[in-house]
Amino acid sequence: MNLFGNNIALASKSMEYLWGKQQITLQNLANVDTPGYKSKYVTFEDVFRTRLEQAAMSRDDEKIAEAIEDSRLVVHDTGDESARLDENNVDADVESVELTRATLQYMYTAQAITSDIARLRTVITGQ
């Protein structure tokens, strides 16, 4: 039996995804002036949601935990689209916004986990 249920595992997997998203975005920003570089992006939410919905239909906490644990982010290349002469398609403004968004989501999720653990501590200690 998982003492914390699947909430903390779900939040932890979300943080793992957001960390990966930040790393890919930073890689894109680092290559903003590299000729021929194609920006990358990650996906996670749609596949993750589908897996969780399928597992939730079974109402089996172990299947839900397995769906959470087995989910992975996927890195995609943007391909041939480019508006610049050097064939680089990184838009620093877009990447900066995405980095900020992912960072704020990461911080919010970390705060949510901290709050969940604090509530559990309060219940256990009675203080």
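All values derive from a computational prediction rather than experimental measurement.

Moving on, we get to the side chain of T109. Counting through the fold element by element, T109 comes out in helix 4 (residues 92–125). According to the relative accessible area criterion, T109 is buried, its value standing at 13%. The contact partners of T109, leaving out residues within four places of it in the chain, are A11, S14, M15 and L18.

What follows deals with helix 4. Note: α-helices contain 3.6 residues per turn, so residues at a spacing of three or four share the same orientation. For helix 4, which comprises 34 residues, the first-to-last C-alpha distance of 49 Å matches the rise-based estimate of 50 Å (1.5 Å per residue) to within 8%. For helix 4, the complete set of buried residues consists of E95, L99, A102, T109 and I113. Buried positions along helix 4 lie against helix 1 (7–30). Where helix 4 begins, the side chain of D91 points an oxygen toward the backbone nitrogen of D93, at a separation of 3.1 Å.

What counts and how
- Residues numbered from 1 in each chain as written.
- Predicted model: local features only at pLDDT ≥ 70, side-chain atom pairs only at ≥ 80, totals over all residues.
- Heavy atoms only, no water.
- Helix = DSSP H or I, 4+ residues; strand = E, 2+ residues; numbered from the N terminus.
- Buried < 20%, exposed > 50% of the residue type's maximum accessible area, 1.4 Å probe, protein only.
- Contact = heavy atoms within 4.5 Å.
- Expected span 1.5 Å × (residues − 1).
- Polar contact = N/O pair within 3.5 Å; in protein donor to acceptor, adjacent residues only side chain to side chain.

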